[in-house]
Amino acid sequence: MSDTEDLVSLPESEAPTRTDLLVVDHVTLRFGGVVALDDVSFEVRRGEILGLIGPNGAGKTTCFNAMTGVYRPTSGEVRFDGDRVSGRKPHQINRLGIARTFQNIRLFPEMTALENVMVGTDSQHFTSVPGALFRLYRKRPKPEELPVVDSHNGLVRAWQQTRLVFAKVFGISRHTLEERAGEQKALALLRFVGIADRANELARNLPYGYQRRLEIARALATEPKLLCLDEPAAGFNPAEKEQLLKLIRDIRDKGYTVLLIEHDMRLVMGVTDRIVVLEFGKKIAEGTPAEVRDNPKVIAAYLGVPADAS
Amino acid sequence: MKGIFVDFDALFGHLGQHTVDGLSKGSIYALVALGYTLVYGVLRLINFAHSEVFMIGTFTVVGTWSVLGATDSPAIGTVILLLLAGLVAAAAVSGATAVAVERVAYRRLRRMNAPPLIFLITAIGLSLVLSEAFGIWQGRLVKGMPTVIERSVLFTIGNTEVTNVQVITVLAALIMMFGLDVFINRTRYGRGVRAVAQDPDTAALMGVNKDRVIALIFLLGGLLAGAAALLYCVRYGNTRFNVGFVLGLKAFTAAVLGGIGNLRGALLGGLLLGVVEVYAATLTSSAWEDVAAFVVLVVVLLFRPTGLLGESLGRARA
């Protein structure tokens, strides 16, 4: 344990290159006798959509987990923006700028969609525990931040008036302001992914497609530099896949770098800039979609023909 | 003939009186129960050392009052000062103890992914260590303290007399419960707590600092146990090195009764248990109150295995 904590603070010897956001550097991962990843190297460049594909069991998700710090590579390392990823705690990796979604949806089922996204926005906020408990750190509110008095119900109106006076006299706590900012940002993200109409429903009650989009919104809420999507189209029909493609492009156009794991070849071909292909834990090809599509090894891997059969 | 003598007149003749008494007794259970339920909701761990966190709180109150030179029934200004000082000191010391318990005993086990049984044994061991250490340090006899609030009847409804101590106890518990509810449901840390309770690994990947959330729930549990300790001192006027044992057991029972992991369940379970105990003590004798408490637990769990309000901190939302 102690050695990993030392590693975290070590300055990186290798200067980060300008274009590479994430570098997977000769990563090998063994579980007992099983080699899940065998000397895999590739990089994710800033502003691109990189596809990571391969048949089932090829090690895509394992690779993903190594990149997001869930697993620690047996040898080799993963660097993000020049910083070593392994050895950090998951929330620190998130703070570095990596956010992800899950192949099997993992939302917080008993929270509303909005709250799910706000868990993400919270990672950007600064209120301390005493600050949230006692609300002593207060700011003089700007006019637009004051509570509105708009009810026609006398009692409610009186309550709103009281709050207005209170806010004018004592100011508004930073916690409240951050909560509101977080809520606004979360709502904007829900609109961006197209599910704002059910923001206040419990996540477990949302339809499947909404849940997938909610995961993306929650990941974006942490303001990542790299968004990793693990089979986001699993279980989607063609029309839904088309919408998802558009969403992924929109995300890239907003300046995010996207890593996409997928085994639906058509989806990957249609949206990615480059593709890395894994099979049995090894990288067998890398290149543009067109290059990869014509690569005999890839065809063999997907169609089950031995690569060296000729 | 010797047997159980059931005195219905004693109970129903003063039903209101016994209910009020039970509620004030139950408020203390509820505050301690919240500590069990918070930790269980997030870690699925029964923190048996929590009863000692409470015990240390009561000794802190004794110490604070003796430092401040408390006497029997002082002037009203002094009463308020003593109560506030006792509350702040007990909450601070209990909170710090609870956080220290997590740091020293549980955090390393969590890092090593120890099986649940190991946590449980550690918790029991730690509970014994703390209480016996206080037995050696403070002696094993009951420790008295000045009666800071002289019990007096505040108001009367029918034949029910409500005393100042009862009002203070119940109000304090309700206020703290309300505060905790707001904190868990409407603040960023509360959201973090609920996220970790529902899916710790995912929460961590979304930027929630798991260790911090866990330290936080121990702190909150400790603060509430400190408050409970003050109320206990006001109500009973004495403490002992093993005061946490039975009270902790009752509070844990209250948490299970309401649905462990459920904050509102802890409140409901605590109040209910207090009332049941007082009723049972009135019907027969106080020797039977513990029997009644656990019989109610068994019966409730037979019909609702997850407790009255169901479990899971994640579900305990507005």
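Rules and cut-offs
- Residues numbered from 1 in each chain as written.
- Chains lettered and ligands numbered in written order.
- Predicted model: local features only at pLDDT ≥ 70, side-chain atom pairs only at ≥ 80, totals over all residues.
- UniProt positions renumbered as here; feature names shortened; annotations may be inferred.
- Helix = DSSP H or I, 4+ residues; strand = E, 2+ residues; numbered from the N terminus.
- Rg over C-alpha atoms; globule rule 2.2 N^0.38 Å.
- Buried ≥ 20, exposed ≤ 12 C-beta atoms within 10 Å, placed from the backbone.
- Contact = placed C-beta atoms within 7 Å.
- Nonpolar A, V, L, I, M, F, W, Y, C, P; charged D, E, K, R; others polar.
- Pairing = 2+ DSSP bridges.

- If you check an unreviewed UniProt entry, chain B appears there as Branched-chain amino acid ABC transporter permease from Phytohabitans aurantiacus.
- A UniProt comment under Subcellular location (unreviewed entry) is attached to chain B, and it reads "Cell membrane".
- UniProt, in the comment section headed Sequence similarities (unreviewed entry), describes chain B in these words: "Belongs to the binding-protein-dependent transport system permease family. LivHM subfamily."

- In the annotation of an unreviewed UniProt entry, chain A is listed under the name ABC transporter ATP-binding protein and assigned to Phytohabitans aurantiacus.

1. Digging into the overall build of chain B
Right, on to step 1. Within chain B one finds 12 helices and four strands.
Right, on to step 2. Taking 2.2 N^0.38 as the reference for a compact globule, 318 residues should give roughly 20 Å; the C-alpha atoms of chain B span a radius of gyration of 20 Å, in line with that estimate.
Right, on to step 3. Projected onto its principal axes, the C-alpha positions of chain B cover 60 × 50 × 40 Å.
Right, on to step 4. Relative to its 318 residues, chain B shows a buried fraction of 53%.
Right, on to step 5. Nonlocal contacts in chain B, meaning residues at least 24 apart in sequence, comprise 79% of its contacts between residues at least 6 apart.

2. Considerations on unusual backbone geometry
Right, on to step 1. At Phe-280 of chain A, a position not held by glycine, the phi torsion is positive, near 45 degrees.
Right, on to step 2. Relative to the helices and strands, Phe-280 of chain A is located in the loop between strand E11 (274–279) and strand E12 (282–287).
Right, on to step 3. On the neighbour-count criterion, Phe-280 of chain A (15 C-beta atoms within 10 Å) is partly exposed.
Right, on to step 4. Despite not being glycine, Arg-44 of chain B shows a phi value in the positive range, around 55 degrees.
Right, on to step 5. Mapping Arg-44 of chain B onto the fold places it in the loop between helix H2 (15–43) and helix H3 (50–67).
Right, on to step 6. You can call Arg-44 of chain B exposed: it has 12 C-beta atoms within 10 Å.

3. Structural notes on the interface of chain A and chain B
Right, on to step 1. Listed as interface residues are 27 residues of chain A and, on the opposing side, 24 residues of chain B.
Right, on to step 2. Listing elements by their share of the side of chain A that touches chain B, those giving two or more residues are helix H3 (90–96), helix H4 (113–122), helix H5 (129–134) and helix H7 (174–193) of chain A.
Right, on to step 3. The leading source of residues in the side of chain A that touches chain B is H4 of chain A, at five residues.
Right, on to step 4. Split by residue class, the side of chain A that touches chain B holds 10 nonpolar, nine polar and eight charged.

4. Remarks on the pairing of E12 of chain A
Residue and element names in this part refer to chain A.
Right, on to step 1. Relative to E12, E11 runs antiparallel, the two being bridged by five bridges. Counted as the bridge partner of Val-277 is Ala-285 from E12.
Right, on to step 2. Here E11 folds back onto E12 in antiparallel fashion, the turn holding two residues, of which Phe-280 has a positive phi close to 45 degrees.

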